[in-house]
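Each chain, letter by letter, is given below.
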Amino acid sequence: MSVNSASAMNATIIRPDVFFISGFYNVPHSTHYYIFLGFVYIVTVLGNSAVMCTIYLARSLHTAKYVAVFNLAFSDLCGSSALIPKLLDTFLFNNQYISYGACLANMFFVYLFMTLQSLTLVALAYDRVIAICFPLRYHVILTKTSMAINISVIWIISVFIVTLTVALITRLSFCSSITITSYFCDHGPVYMLSCSDQYWNDIMACICFYGLICTPVIVIIISYVCIGTALLKISKWTERIKAMKTCIAHLIVVAVFYLPILSTNVAAMISSINQNDRIINSTLTQTIPPLLNPIIYTLKTEEFKQAIKGICRRVKVNVIAERHKFRQRTQRPNETEVREVVVNEPTVLYMNNAVQDKILCTVQVTVNGQCETVELIVDTGSSVSIIPENIYYDCFPGLPGVQAYLDDVICYGTTQEEHDENLWRVLQALTDAGLKLNMHKCKFNQLSHYFEGRTAIGPGQSHCRNSGPGST
């Protein structure tokens, strides 16, 4: 009888109706800190929403790299939304009691999006390795489809691990205290309250830290060792700097995300941390990176800045085009100023309307025996118009006779007809993307042309290898 009673007690899981989240202990004016986190949340929502909208609207950003950046922005937005609003409700409005189910749900979503952020940074490191170590095969190895598959695998791994971690909490009994010494339903402080065997919870805590934080850091470090080795093989300093600039944003994001997490956890292992210090370090670790990531990508990524300018320019071009059409309708034929500039037959530019430092141009090429016309904005200033990185995949997916590396584009064909047809498609794609041409650098109908370390000659290609990465 006593054995059966003991078995019944062992089979019983004691779950509290609610937990109490303690937050700061004896800290005056802590309300000001929570208000600060509220402003952080507002800026985080606006910044990451702007990043996602820009990626969606700008065709030049529809690349494998920005599939991962979009996922990072989404994870930042959702992670902050899972943490900060509940934190403000808990401490600003004194709702420190949370139900058992709501606590587990809060734990799940906070840890899920933290895991997604960590693993997405690994995917972006992989993107940089392929872009710099294998520049000519980048668009073959890393497509939007392959990156989407990578992100899907990251989601599956994250959901599985976090679900298992939270599910193991449900097997624990809570016999005495229900006070969580943290600012949300943190995994460690919650399962440490249990009076049951915590072996598997300890195992999952180690897996989460070493597998989802430490391992990604090691992988990213190895990635940049490979990138550094590839950069040393480039003889020109200008090309090295040009390639390295594409990694700056990712490096800053990695440092902002991992350094606070690692320092806080390592400090906790070495010595005990005061509860208030731990809460401040942890909240800033989870809220500041999502705030800074959109700012970093906006200020440190040239292609992103150009995409934003392109969206604004597209609106401006539409206004200019409507104004131009209105002027054409209202002017008499003999009052219309038309300047014809013949660049090289059969490519002819008709410059119709000068607008400040730009000219609205009509480009005519012969395609399949018929004359096709494309209107685009051409820069007339002396400054170089920077075309976003990876423009070949951004603007010309699947187009024949086009190659590009960073801000240089070459259009070629084995016959004049093929050349003109490819050129027309390129101009149409540039127009659709809202990009500008620098006419001072354009060369038309060249029988041979040196392009990024190789020379293209006539209908074929000569693989004359020189310094730096090249394409033909």
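Look up: the structure comes first, before these words.
Counting restarts for each chain, with residues numbered from 1 along the sequence as it is written. Confidence filtering applies because this is a predicted model: local features only for residues at pLDDT of at least 70, side-chain atom pairs given and counted only at 80 or more, and all residues used for totals across whole chains, interfaces and linings. Each side-chain value is worked out from all heavy atoms of the structure, with water and hydrogens disregarded.

### A short note on the overall build of the chain
Counting from the N terminus, the helices are the DSSP runs of H or I reaching at least four residues and the strands are the DSSP runs of E reaching at least two. Along the chain, the regular secondary structure elements total 13 helices and 12 strands. The rule is simple: take the accessible area with a 1.4 Å probe, protein chains only, and divide by the maximum for that residue type; under 20% is buried, over 50% is exposed, in between is partly exposed. Counting every position in the chain, which comprises 472 residues, the buried fraction comes to 47%. Restricting the contact set of the chain to residue pairs at least 6 apart, pairs at least 24 apart contribute 70%. Accessible surface, the chain: about 23400 Å² in total, of which carbon and sulfur atoms supply 63%. What makes two residues a contact is simply this: any of their non-hydrogen atoms within 4.5 Å. Accessible areas in this description were obtained via Shrake-Rupley with a 1.4 Å probe; residue shielding takes into account the shown protein chains only.

### Quick notes on the pattern of salt bridges
Here, a salt bridge means any Lys or Arg side-chain nitrogen found within 4 Å of an Asp or Glu carboxyl oxygen. For the coordinates displayed, the defined rule picks out two salt bridges. Here Asp89 and Lys86 are joined by a salt bridge, their closest N and O atoms 3.7 Å apart. Taken as a pair, Asp89 and Lys86 lie in helix H3 (residues 64-92) at a separation of three residues, close to a single helical turn. On the accessibility criterion, Lys86 (29% relative accessible area) is partly exposed. Ionic pairing is found between Asp127 and Arg128, a salt bridge with its closest N-O pair at 2.7 Å. The same class applies to Asp127 as to Arg128, namely buried.

### Observations regarding the side chain of Ser146
Mapped onto the elements, Ser146 comes out in helix H6 (residues 144-167). Its relative accessible area of 19% is what places Ser146 among the buried residues. Here the side chain of Ser146 touches Thr143 through a polar contact of 2.8 Å, landing on its backbone nitrogen. We call two N or O atoms a polar contact when they sit within 3.5 Å, provided that within protein one can donate a hydrogen and the other can accept it, with sequence-adjacent residues counted only if both atoms are side-chain atoms.

### Digging into the environment of Cys208
With respect to the helices, strands and loops of the structure, Cys208 is situated in helix H8 (residues 199-232). Distance from Cys208 to Ser158, taken between C-alpha atoms, is 9.9 Å for residues 50 residues apart in sequence. With residues near it in sequence (within four places) discarded, Cys208 still touches Ile161, Thr165 and Ile213.

### Re the state of the cysteines
Cysteine sulfur atoms are paired as a disulfide whenever they fall within 2.5 Å. A full pass over the atoms with the stated rule returns two disulfides. Between Cys103 and Cys185 runs a disulfide, and the two sulfur atoms are separated by 2.1 Å. Disulfide Cys103 to Cys185: torsion about the S-S bond roughly -130 degrees, handedness left-handed. Taken together, the residues Cys103 in helix H4 (residues 100-133) and Cys185 in the loop between strand S3 (179-180) and helix H7 (187-191) connect sequence positions 82 residues apart. Between the sulfur atoms of Cys175 and its disulfide mate Cys195 the distance is 1.7 Å.

### Observations regarding the sheet that holds strand S1 (residues 18-21)
Taken together, the three strands give an open sheet; going across it, the order is S2-S1-S3, and neighbouring strands pair in mixed fashion. The open sheet has two free edges, formed respectively by strand S2 (97-99) and S3, since each of these has just one partner strand. Two strands qualify as a pair provided DSSP detects at least 2 bridges between them. Alignment of S1 against S2, held across three bridges, turns out to be antiparallel. When the sheet's bridge partners are listed, Phe19 is paired in S2 with Ile98. Between N-to-C directions, angles span 0 to 180 degrees; the directions come from axes that are lines fitted to C-alpha atoms, helices contributing only their stretch in contact. Seen against the sheet, H4 touches S1, S2 and S3 and runs at an angle of roughly 90 degrees to S2.

### Points about the pairing of S1
A one-sided burial pattern is seen for S1, the buried positions being Phe19 and Ile21 and the unburied ones Val18 and Phe20. Two strands pair when backbone bridges link them, and S1 and S3 are joined in this way by two bridges, in the parallel orientation. Each residue of the ladder has a partner; that of Phe20, found in S3, is Thr179.

### Quick look at the nonpolar core
Burial of nonpolar side chains together is a common tendency in soluble globular proteins. We call a set of buried residues a nonpolar core when its members are Ala, Val, Leu, Ile, Met, Phe, Trp, Tyr or Cys and they connect through side-chain atoms within 4.5 Å of each other. Residues Phe19, Leu121, Ile169 and Val190 are the most contacted members of the largest nonpolar core, which totals 90 residues. It is H4 that provides the largest number of residues to this core, a total of 19 residues. Sequence-distant contacts of Phe19, that is, excluding residues within four places in its chain, are made with Gln96, Tyr97, Ile98, Tyr100, Cys103, Phe174, Ile178, Ile180, Val190 and Leu193.

### Quick notes on a nonpolar patch on the surface
Candidates for patches are residues over 30% relative accessible area with no salt bridge; among them, like charges are joined within 9 Å and nonpolar side chains (Val, Leu, Ile, Met, Phe, Trp, Tyr) within 5 Å. On the surface, Ile35, Phe39, Ile42 and Leu46 cluster together into a nonpolar patch covering about 420 Å² of accessible area. As for its placement among the helices and strands, Phe39 is situated in helix H2 (residues 30-57).

### Side note on the packing of aromatic side chains
Any pair of Phe, Tyr and Trp rings, taking the six-membered ring for Trp, is counted once the centres come within 6.5 Å. Such a pair is stacked with planes under 30 degrees apart, edge-to-face with planes over 60 apart, and tilted for the rest. Throughout the structure, instances matching the rule amount to 17 aromatic pairs. Where Phe24 meets Tyr33, the ring centres are 5.7 Å apart and the plane angle is 75 degrees; that geometry is what we call edge-to-face. As far as burial versus exposure is concerned, Phe24 and Tyr33 are alike and both buried. Taken together, the ring pairs connect Phe24, Tyr33, Tyr34, Phe36 and Phe91 into an aromatic cluster. The cationic tip of Arg240 hangs over the ring face of Trp237; the distance from NZ or CZ to the ring centre is 4.7 Å. Criterion for a charge above a ring: Lys NZ or Arg CZ within 6 Å of the ring centre, and within 35 degrees of the ring normal.

### So, unusual backbone geometry
Of note in the backbone geometry, Asn26 takes a positive phi value of approximately 55 degrees without being a glycine. The phi dihedral of Asn94 is positive, around 55 degrees, even though this residue is not glycine. The residue Asn94 is located in the loop between H3 and S2 in this model. Given a relative accessible area of 60%, Asn94 falls into the exposed group.

### Thoughts on the packing of H4 against H6
Closest axis-to-axis distance for the H4/H6 pair is 9 Å, and the angle between their directions is 150 degrees. Where H4 crosses over H6, the handedness of that crossing is right-handed. Considered class by class, the residues forming the contact of H4 with H6 number 18 nonpolar, five polar and one charged. Each crossing gets its handedness from the near helix: less than a right angle anticlockwise from the far helix is left-handed, clockwise is right-handed. Polar here means any residue other than Ala, Val, Leu, Ile, Met, Phe, Trp, Tyr, Cys and Pro, which are nonpolar, and Asp, Glu, Lys and Arg, which are charged; Gly is therefore polar.

### Some thoughts on helix H9 (residues 237-270)
Across its 34 residues, H9 extends only 43 Å between first and last C-alpha, which sits more than 12% below the 50 Å expected from 1.5 Å per residue. For a residue, the bend is simply the angle between two axes, fitted respectively to the seven-residue segment ending there and the seven-residue segment starting there. Taking the largest bend as the criterion, H9 deviates by roughly 35 degrees, centred on Cys247. Helix span is expected to be 1.5 Å times the residue number reduced by one.

### Re the environment of Met204
In this fold, Met204 is placed in helix H8. If we skip the residues at most four places from it in the chain, Met204 touches Ile161, Leu164, Thr165 and Leu168.

### Some details on the packing of H4 against H8
Each pair of packed helices can be described by the angle between their axes along with the distance between the axes. Contact geometry of H4 with H8 gives a least axis separation of 9 Å together with a crossing angle of 15 degrees. Between H4 and H8, the angle is such that the two are roughly parallel. Seen along the crossing, H4 lies across H8 with a hand that is left-handed. Across the interface between the two elements, Thr115, Ser118, Leu119, Leu121, Val122, Ala125, Arg128, Val129, Ile132 and Cys133 from H4 touch Leu212, Ile213, Pro216, Val219, Ile220, Ser223, Tyr224, Cys226, Ile227, Ala230 and Leu231 from H8. Broken down by class, the residue content of the contact of H4 with H8 amounts to 17 nonpolar, three polar and one charged. Should an angle lie under 35 degrees it is considered roughly parallel, over 145 roughly antiparallel, and from 65 to 115 roughly perpendicular; all remaining angles are considered oblique.

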